[in-house]
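Descriptive analysis of the structure
Here is how the chains run, residue by residue.
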Amino acid sequence: MRELVADVVRRRALVAMLARQDFAARYRSAVLGLAWTVALPLLQGVVLAIVFTRVVKVQTDEPYAAFVLVGIATWSYLNGSISTASTSVVDGGALATKLYFPRLYLPAVAPTSNLVGYAISLSIGVVVALVQTREVHPQLLLLPVAMALAYLLVLVVSSLMALLHVFFRDVRYVVTALLLVAFYGTPVIYPLELAGDLAPFVLANPATGVVQLTRWCVFGQADSLGAALAWTLGWTVVLLAVVLRSYGRHERTACDRL
Amino acid sequence: MAAAIELAGVGKRYVLQSGEPLLLNRLRRRSTSEELWALRDVDLTVEEGETIGVIGRNGSGKTTLLRMLSGVSAPTTGRLRVVGTIAPLIGVGVGFHPEMTGRENVHVNGRLLGLTAAEVARDFDAIVDFSEIEKFLDTPVKYYSSGMFLRLAFAVAIHTNPQVLLVDEVLAVGDLAFQLKCMERMREVQARGTTIVIVTHNLQMLDRMAPRGVLLRSGQVAFDGPVEGALSAYHSAMEGRAPGDDTTARVRVELLDDDGQPTRHFATGGTVRLRVHADVDDELASPVLGVMVAPLGLGAAYAVHTGIGAYAGVHGPGRPVEAEVELTNRMLDGSYSVTVAVHDATGGRQLGASEPAVFYVSSEAGGAYGVVDLSARISIDGRTVSDPGRQRLR
């Protein structure tokens, strides 16, 4: 395992490069390019903002449009990166069976290249929040920390799923199902205080901590931030240990199944 | 000299699962698995700077061996050690992104193969030069012809300057001129003291590049020694014959050029000369000699024997059969083997046969391909439009 970590650290530039290639290639062939990654969550946010202020009224301390845009920007990053990265080891099979490099790099590519779209979407949320609330909080400077936490969480979840997916091909559907449930189990479209009886479950969801931390940075306050963060960090540390252990043990037999 | 590659008792077991690898099946214990040993008890030591060729039929374990050497896959049993940096010339172009330009792909691929950014920058011109695709450097590689694509990919791979180079069936890249260039470059790499492991079906290339050959059969080393021996054993295996059972004559065949010098390379249109020497254990009168030529893996392309009673002579211990054979070379590019057998006077009983003697035929570039030169002459409306036979033999 120590060997694996050393290897991963030593050749980390490779991830950045693969991510850059992934990013450039993805947007080069689409005319509007990067605009799409930003436009889709934005559209989703706008629709949700309309539905939950005009059709169903959700009470939030913050202006709802800003509230939901910040949440959606974060959720889209988690959702998009995890669903792409969870199949990455199998998808990268052609490369992985020919060349040795730490397998952990494969699930790291999508989360890394998606950071750009994430930063832009989140910035739009922040601008809307500034316009609606006319308040700036010093915590805003900590927004990169929230993004880093999201990145880390996505990395550990994706890595684990990507390795499992090699051995069990139905894992991709499990991931889709989990993400579907997690969307409603994360305070994206509703504030945490409205969760009621379900609050413990929502709190235990590792995505909640990321969303709450992001809201705290933007709006200056968030419910049960400490508890949510503790859960997220706990999940991340445990999953990280599992990931390092399982890659250390299985990465050189995994390719026999690609 | 130190060993660059060391395998001791290496085996690789694959577990073949019937049914889809699904979580559900595992939970219901529905999937049954079957084991397959792709390699078993392989002992192999390659010295630093040595070049070896690995041959064997499909499924004999060549790919598994390369995968383990490249570190992608771990052995199930035994010990495997590779010293130094490894660059696999395996599946050239792997990791190339179709949407990216040639220039961008060179950078990414170089890094994937283990070069630093500075090294890629330093060797960039040499790589581009080698690939001969300068004009298309800023075109996405998806618009490349397959030849251009492979040339660029090979150029990157061959410039990585590793200590151990693994080569898998990649030298069949591009046109003849480019292949020669690749070969030349491989020789430079060889001269620099790089350890090279070549896996290929191109036996002619192997014969030119690797002094040592390893034949794999069903995952085990069936032969390890001078490349001629490996090639000969491979020919025997492909023809499904086991040499050396219950023979009373031991036949040796030497291949000679027009000046009587030993060679294994012949040109279409020339003559393939054989010198046959057979030691016989028992008294043998009026033997019948049989000669068979086979393109690799295709069985006999030509077989002939001397007429029964056409030769009257008595041989025995200390009085070997000495014969000379001249074959008109109508064969086309490829690797062939010739086997000579000694029969009794009736031709009904084979007393012994030589190991297949491997040789290679090269034709002039262009014109016909296949096994045999039938010298086609084609005329349309009474006018000769193509005369490949005459051109070739001129």
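Model, not experiment: these values are computed from the prediction.

We now examine the overall build of chain B. Within chain B one finds nine helices and 22 strands. Counting only contacts in chain B whose residues sit at least 6 apart along the sequence, the fraction spanning at least 24 positions is 70%.

The next subject is the overall build of chain A. Summing up its helical and strand segments, chain A has 13 helices and zero strands in all. Listing each helix as α and each strand as β along chain A from the N terminus yields α-α-α-α-α-α-α-α-α-α-α-α-α. Here chain A has a C-alpha radius of gyration of 19 Å; the compact-globule value for 258 residues is 18 Å, and the two agree.

Turning next to the sheet that holds strand β17 (residues 321–328) of chain B. All names here are of chain B. Taken in spatial order, the three strands make up an open sheet running β10-β12-β17, and their pairing is antiparallel. At either end of the open sheet lies a strand with only one pairing partner, and these are β10 (249–256) and β17. Pairs of neighbouring strands in the sheet enclose a mean axial angle of 20°, with direction left out of account.

Right, let's talk about the domain arrangement of chain B for a bit. Residues and elements named next belong to chain B. Here chain B is described as being made up of domain 1 (3–233) and domain 2 (243–362). Distance from the C-alpha centre of domain 1 to the C-alpha centre of domain 2: 37 Å. Of all elements in the fold, only α7 (203–209) and α8 (227–238) reach the threshold of two or more residues within the side of domain 1 that touches domain 2.

Taken together, the contact between chain B and chain A spans 24 residues of the former and 24 residues of the latter. Contributions of two or more residues to the side of chain B that touches chain A are made by α1 (23–27), β5 (86–90) and α3 (102–112) of chain B. In terms of residue class, the side of chain B that touches chain A is built from 13 nonpolar, six polar and five charged.

All names here are of chain B. Counting buried positions along strand β20 (residues 357–362) gives five out of six residues, so the element sits mostly inside the fold. Across three bridges, strand β11 (residues 265–267) lies against β20 in parallel orientation. Note that in β20 the partner of His 265 across the bridge is Tyr 360. For strand β18 (residues 334–343) and β20, the ladder comprises five bridges, and the chain directions are antiparallel. Following the sheet pairing, Ser 337 is matched in β20 by Val 358.

Residues and elements named next belong to chain B. With their axes 10 Å apart at the nearest point, α3 and helix α4 (residues 117–131) run at an angle of 125° to one another. Put simply, α3 runs oblique to α4. Judged by the sense of rotation from one axis to the other, the crossing of α3 with α4 is right-handed. Mapping the contact onto sequence places Val 106, His 107, Gly 110 and Arg 111 in α3 and Ala 117, Val 120, Phe 124 and Ile 127 in α4. Here the residues of the contact of α3 with α4 sort into five nonpolar, two polar and one charged.

Residue and element names in this part refer to chain B. Within the element layout of this structure, Lys 62 appears in helix α2 (residues 62–69). For Lys 62, a count of 23 C-beta atoms within 10 Å translates into the label buried. Measuring from C-alpha to C-alpha, the distance between Lys 62 and Lys 181 comes to 25 Å, with 119 residues separating the pair along the chain. Residues in contact with Lys 62, not counting those within four places in the same chain, are Val 54, Gly 56, Val 199 and Leu 216.

Here we come to unusual backbone geometry. Positioned with a positive phi, Ser224(A) is a non-glycine residue whose angle comes to about 45°. For Ser224(A), the location among the structural elements is in the loop between α12 (206–219) and α13 (225–254). Not every positive phi belongs to a glycine, and Glu132(B) is a case in point at roughly 60°. Locating Glu132(B) in the fold gives a position in the loop between α4 and α5 (146–158). A residue is classified by how many C-beta atoms lie within 10 Å of it, and Glu132(B), with 17 of them, is partly exposed.

Residue and element names in this part refer to chain B. When you line up the elements, Gly 316 lands in the loop between β16 (314–315) and β17. Exposure remark for Gly 316: the 13 C-beta atoms within 10 Å place this residue in the partly exposed category. Distance in space between the C-alpha atoms of Gly 316 and Asp 282 is 5.4 Å, their sequence separation being 34 residues. Among residues more than four places away in sequence, those in contact with Gly 316 are Val 280, Asp 282, Glu 283 and Leu 284.

For the rest of this paragraph, the subject is α3(B). Counting buried positions along α3(B) yields ten of eleven residues, so the element is predominantly enclosed. Those residues of α3(B) lying buried are Gly102(B), Glu104(B), Asn105(B), Val106(B), His107(B), Val108(B), Asn109(B), Gly110(B), Arg111(B) and Leu112(B). Contacts made by the buried residues of α3(B) are with α2 (13–28) of chain A together with α4 and α5 of chain B.

Axis angle and axis distance: for two packed helices, these are the angle between their axes and the distance between the axes, and together they describe the pair. Residue and element names in this part refer to chain A. Orientation of helix α9 (residues 143–167) relative to α13, taken along the N-to-C sense of each, is 35°, at an axis distance of 9 Å. Remark: the crossing between α9 and α13 carries left-handed chirality. Along the contact surface, α9 presents Leu 149, Leu 152, Leu 153, Val 156, Val 157, Ser 159, Leu 160, Leu 163 and Val 166, while α13 presents Thr 232, Thr 236, Leu 239, Leu 240, Val 242, Val 243, Ser 246, Tyr 247, His 250 and Ala 254. Classifying every residue of the contact of α9 with α13 gives 14 nonpolar, five polar and no charged.

Moving on, we get to the confidence of the model for chain B. Predicted coordinates in areas of low pLDDT are best not read in detail. All names here are of chain B. Looking at chain B, the pLDDT average stands at 83 and 87% of residues meet or exceed 70. Considering only residues more than four positions removed or in separate chains, one finds that residues 389–394, a stretch of pLDDT under 50, has twelve contacts. Taken over the whole predicted complex, pTM reads 0.74, whereas the ipTM for its chain interfaces reads 0.74.

A few words on the confidence of the model for chain A. Overall, the prediction assigns chain A a mean pLDDT of 89, with 98% of residues at 70 or greater. Across chain A, element-level confidence peaks in α12(A) with a mean pLDDT of 96 and bottoms out in helix α1 (residues 2–10) of chain A with 77.

Reading guide: rules and limits
Residues numbered from 1 in each chain as written. Chains lettered and ligands numbered in written order. Predicted model: local features only at pLDDT ≥ 70, side-chain atom pairs only at ≥ 80, totals over all residues. Helix = DSSP H or I, 4+ residues; strand = E, 2+ residues; numbered from the N terminus. Contact = placed C-beta atoms within 7 Å. Rg over C-alpha atoms; globule rule 2.2 N^0.38 Å. Pairing = 2+ DSSP bridges. Axes fitted to C-alpha atoms, helices over the stretch in contact; angles between N-to-C directions. Domains from an automatic or database assignment. Nonpolar A, V, L, I, M, F, W, Y, C, P; charged D, E, K, R; others polar. Buried ≥ 20, exposed ≤ 12 C-beta atoms within 10 Å, placed from the backbone. Parallel < 35°, antiparallel > 145°, perpendicular 65-115°, else oblique. Left-handed = near helix turned anticlockwise from the far one by under 90°. pLDDT = per-residue confidence, 0-100.

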